[in-house]
Amino acid sequence: MSGESDCTRTSPSAGSLSDSELLPDRPKYVCTLSPDLVTKAREELQEKPEWRLRDVQALRDMVCKDYPSLGTCLDDAFLLRFLRARKFDYDRALQLLVNYHTCRRTWPEVFSNLKPSAIKPVLESGFVTVLPHRDPQGRHVVCIRPDRWTPSNYPITENIRAIYLTLEKLIQSEETQVNGIVILADYKGVSLSKASHFGPFVAKKVIGILQDGFPIRIKAVNIINEPRIFKGIFAIIKPFLKEKIANRFFLHGCDLNSLHQNIPPVILPEEYGGTAGKLDISAWNELLLASEEDFLHDFSELVLPCDSSPHDLLVSGDADEKQCDDSLRGMKPQLYYCY
């Protein structure tokens, strides 16, 4: 996760000194994608291997020109995450990168001291884990179980920290960058009092990060065992989800057969009608906790130009901020009605 942030050391244009002469300490990118994934990236993400490093350099140049104080990693592998997440559209990739840092800067309760050891209680509770097997499309399945959280033990922001670190670990894999992920959320036993912790501020922040502030492709969100209260929550937040994301939500209720149409039983644990044995959270916990060194480097705070503010940078996520605030104020009455 670490890397150079000094834009004055960005590699030059053609005809100047080479990257290796100016940047001897910058890791050289080595593609780890299989031939099939190279083809998939070309077809779905417009990634052309012969132009890959040129595209990375173009994004790097844009960062250094438009946001010289961003304090971001400029390594090839890091910038590739943002290009892939936005199908190699330079402008959209730059916006995503800036939003990524702005989110980290403007929510200190989540991003301060962000490392696996700091969220160990959340991991041990089983609130979030990753299933050991990928689905047929090569996607990891992130399993979230809100019933494992006891609000009196720690605030909801600790859960968000655990989810964020899980995504950070997953996105280190180029395979995940291309294939994306699937989310399985089990809302069994979620009460009104617990749901009320997911208020307007938290809802808007989380939606902003997942849609516009993190370089990951969320291909499906499968909700199971959701109580009536969840339908009220979803009805409120749905207008603020991009249509593409909203269409990837699947509410299965208690119907395991419906779930199995989206996630095959062969990779699911017994708890969800699968044949992959009991749900074991230990393997993922051990992997994430062993990655402490990956997260020790804390990104520098985003230094904004004097005529900008954090809200200026979240251009797509906050476009309808006032409307979002007004609508979300009605969440609690609707929650009571649905409950």
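Structure: above.
The rules behind each value
- Residues numbered from 1 in each chain as written.
- Predicted model: local features only at pLDDT ≥ 70, side-chain atom pairs only at ≥ 80, totals over all residues.
- Heavy atoms only, no water.
- Salt bridge = Lys/Arg side-chain N within 4 Å of Asp/Glu carboxyl O.
- Helix = DSSP H or I, 4+ residues; strand = E, 2+ residues; numbered from the N terminus.
- Buried < 20%, exposed > 50% of the residue type's maximum accessible area, 1.4 Å probe, protein only.
- Polar contact = N/O pair within 3.5 Å; in protein donor to acceptor, adjacent residues only side chain to side chain.
- Phe/Tyr/Trp six-rings, centres within 6.5 Å; stacked < 30°, edge-to-face > 60°.
- Pairing = 2+ DSSP bridges.
- Core = buried A, V, L, I, M, F, W, Y, C linked by side-chain atoms within 4.5 Å.
- Domains from an automatic or database assignment.
- Contact = heavy atoms within 4.5 Å.
- Axes fitted to C-alpha atoms, helices over the stretch in contact; angles between N-to-C directions.
- Parallel < 35°, antiparallel > 145°, perpendicular 65-115°, else oblique.
- Left-handed = near helix turned anticlockwise from the far one by under 90°.
- Nonpolar A, V, L, I, M, F, W, Y, C, P; charged D, E, K, R; others polar.

Engineer: How should I be thinking about the pattern of salt bridges in this particular structure?
Structural biologist: Once their charged atoms are close, side chains differing in charge can pair, the charge on each being opposite to the other. The tally for this structure, following the rule as stated, stands at 14 salt bridges. Of the charged contacts, one joins E168 and R104 as a salt bridge, the two residues approaching to 3.8 Å between their closest N and O atoms. Taken together, the residues E168 in helix α8 (residues 156-170) and R104 in helix α5 (residues 90-106) connect sequence positions 64 residues apart. Each of the two residues, E168 as well as R104, counts as buried. The closest approach of N and O atoms between R134 and E175, which form a salt bridge, is 3.6 Å. With a gap of 41 residues between them, R134 in the loop between β1 (128-130) and β2 (140-144) and E175 in helix α9 (residues 174-179) connect regions that are remote in the sequence. Look at R134 and you get partly exposed, because its relative accessible area is 24%. For E175, a relative accessible area of 30% puts it in the partly exposed group. A cluster of three or more residues bridged by salt bridges with shared partners is formed by E47, R52, R84 and E174.

Engineer: How should the side chain of E174 be read in this particular structure?
Structural biologist: Among the structural elements, E174 can be located in helix α9. You can call E174 buried: its relative accessible area is 8%. A distance of 2.4 Å separates a polar atom in the side chain of E174 from a polar atom in the side chain of Y29. Engagement of the side chain of E174 in a polar contact is seen with the side chain of R84, the distance being 2.8 Å.

Engineer: Help me understand the packing of aromatic side chains, please; the structure alone is not making it clear to me.
Structural biologist: Centre distance and the angle of the planes are the two values used to describe a pair of aromatic rings. Inspection of every chain in the model, using the stated rule, returns 7 aromatic pairs. Ring plane angle 80° and centroid distance 5.4 Å describe the contact between F82 and Y100, whose orientation is recorded as edge-to-face. Note that F82 is positioned in helix α4 (residues 76-85) and Y100 in helix α5, a separation of 18 residues in sequence. The class of Y100 is buried, set by a relative accessible area of 1%.

Engineer: What should I look at first to understand the pairing of β2 in this one?
Structural biologist: Put simply, side chains in a regular strand alternate between the two faces of the sheet. With 5 of 5 residues buried, β2 is to be regarded as a mostly interior element. Pairing of β1 with β2, which is carried by 3 bridges, proceeds in the antiparallel orientation. Paired with V128 across the bridge in β2 is I144.

Engineer: Help me understand the nonpolar core, please; the structure alone is not making it clear to me.
Structural biologist: Nonpolar side chains in soluble globular proteins generally cluster together in the buried interior. With 67 residues, the main nonpolar core has I181 and F214 as its most contacted residues. Viewed by domain, this core spans two of them, domain 1 (35-106) and domain 2 (116-292), each represented by three or more residues. Setting aside residues no more than four positions away along its own chain, I181 makes contact with R139, H140, V142, L167, L170, T176, I216, R217, I218, K219 and A220. Membership of the second largest hydrophobic core comes to 13 residues, among which are L131, V141, I263 and L268.

Engineer: Is there a simple way to think about the environment of T150 in this case?
Structural biologist: Take T150: it is sitting in the loop between β2 and α8. Given a relative accessible area of 37%, T150 falls into the partly exposed group. T150 sits 28 residues away from V122 along the chain, and the two C-alpha atoms are 9.8 Å apart.

Engineer: So what exactly am I meant to see when it comes to the packing of helix α3 (residues 52-66) against α5 here?
Structural biologist: The relative placement of two packed helices is expressed as an angle between their axes plus a distance between the axes. Where α3 contacts α5, the two axes come as close as 10 Å, and the packing angle between them is 55°. Here α5 runs oblique to α3, going by the angle between their axes. Pair α3 / α5 crosses with right-handed handedness. Together, R54, D55, A58, L59, M62, V63 and D66 of α3 and Y90, D91, A93, L94 and L97 of α5 make up the contact between the two elements. Classifying every residue of the contact of α3 with α5 by side-chain character gives 8 nonpolar, no polar and 4 charged.

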